[in-house]
Amino acid sequence: MNPTLQQIHTMLLAQHMALSQALDAATDIDKSKAILMEMQEVLHRINLVQSLLFSQTSKQLDAMIAGINKANTALTASLQDINNVADFLTSTANFLKGVDQAIDIAKALAV
């Protein structure tokens with residue numbers, strides 16, 4: 001398996017679990033809807049990465065992991081204060097943007 005994609009897969013699974021826990025704790029309907037929407041987006045990326053886990057590795061893909069780790073840390077922090085929905089949505093978008101870039105590279109390698 002591609003170790004970079006394995007790391008990304010692990011982060012996605014952890015974030016999906018954290019979002020699920022945040023959803024369980026949410027009492028506001030709008031906040032719950034936002035969390036659920038982001039859970040669906042993360043789940044979509046989990047499925048994509050799973051289909052690419054056996055892609056070859058590349059320096060370009062490996063270089064993506066540092067930025068994704070940073071965005072993952074920011075998303076984790078925003079989940080700690082889920083009351084700031086704007087920060088949560090921005091953190092999620094930044095994390096998924098990095099993941100999407102890595103997925104695009106992995107798709108090109110899989111061809």
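Look a little higher up for the structure.
Keep in mind the model is a prediction, meaning the values are calculated, not measured.

Student: Outline the overall build of the protein chain, supporting the account with residue identities and numerical values.
Tutor: The number of helices and strands found in the protein chain is 4 helices and 0 strands. Each helix (α) and strand (β) of the protein chain, taken in turn from the N terminus, gives the series α-α-α-α. Its C-alpha radius of gyration of 14 Å places the protein chain within 12% of the 13 Å reference for a compact globule of 111 residues. Expressed as lengths along the three principal axes of its C-alpha atoms, the size of the protein chain is roughly 45 × 20 × 15 Å. A buried classification covers 41% of the 111 residues belonging to the protein chain. Of the contacts formed within the protein chain by residues at least 6 apart in sequence, a portion of 79% connects residues at least 24 apart. As displayed, the protein chain has an accessible area near 6200 Å², and 56% of this comes from carbon and sulfur atoms. When the 7 positive and 10 negative side-chain charges of the protein chain are each reduced to one mean point, those points stand 7 Å apart.

Student: Help me get a handle on the environment of Leu19, residues and values and all.
Tutor: Summarising the element assignment, Leu19 is placed in helix H1 (residues 3-25). We classify Leu19 as buried; its relative accessible area is 0%.

Student: Kindly report on the packing of H1 against helix H2 (residues 29-52), identifying the contributing residues and their values.
Tutor: The angle between the axes and the distance between the axes are what describe a pair of packed helices. The geometry of H1 relative to H2 is characterised by a closest axis approach of 9 Å and an angle of 160° between their N-to-C directions. In terms of orientation, H1 and H2 fall into the roughly antiparallel class. The hand of the H1/H2 crossing is left-handed. Every residue of H2 that contacts H1 at Leu5, Ile8, His9, Leu12, Leu13, His16, Leu19, Ser20, Ala22 and Leu23 is listed here: Ser32, Ile35, Leu36, Glu38, Met39, Val42, Leu43, Arg45, Ile46, Val49, Gln50 and Leu52.

Student: Before we move on, could you go through the environment of Leu61 and cite the residues and values that matter?
Tutor: Among the secondary structure elements, Leu61 is positioned in helix H3 (residues 59-80). In this structure the C-alpha to C-alpha distance between Leu61 and Ala102, which are 41 residues apart in sequence, comes to 6.0 Å. The contacts of Leu61, once residues within four sequence positions are left out, are Asn2, Thr4, Leu5, Ala102, Ile105 and Leu109.

Student: Any details on the side chain of Glu38? Residues and values, ideally.
Tutor: Mapped onto the elements, Glu38 comes out in helix H2. Of the buried charged residues, Glu38 lacks a salt bridge, with Arg45 as the closest side chain of opposite charge at 6.9 Å. Not counting the four nearest positions on each side in its chain, Glu38 is found in contact with Leu19, Phe88, Leu89, Thr92 and Leu96.

Parameters and conventions
- Residues numbered from 1 in each chain as written.
- Predicted model: local features only at pLDDT ≥ 70, side-chain atom pairs only at ≥ 80, totals over all residues.
- Heavy atoms only, no water.
- Helix = DSSP H or I, 4+ residues; strand = E, 2+ residues; numbered from the N terminus.
- Rg over C-alpha atoms; globule rule 2.2 N^0.38 Å.
- Buried < 20%, exposed > 50% of the residue type's maximum accessible area, 1.4 Å probe, protein only.
- Contact = heavy atoms within 4.5 Å.
- Areas by Shrake-Rupley, 256 points an atom, 1.4 Å probe, with all protein chains shown as cover.
- Lys, Arg positive; Asp, Glu negative; His and termini not counted.
- Charge placed at Lys NZ, Arg CZ, Asp CG, Glu CD.
- Axes fitted to C-alpha atoms, helices over the stretch in contact; angles between N-to-C directions.
- Parallel < 35°, antiparallel > 145°, perpendicular 65-115°, else oblique.
- Left-handed = near helix turned anticlockwise from the far one by under 90°.
- Salt bridge = Lys/Arg side-chain N within 4 Å of Asp/Glu carboxyl O.

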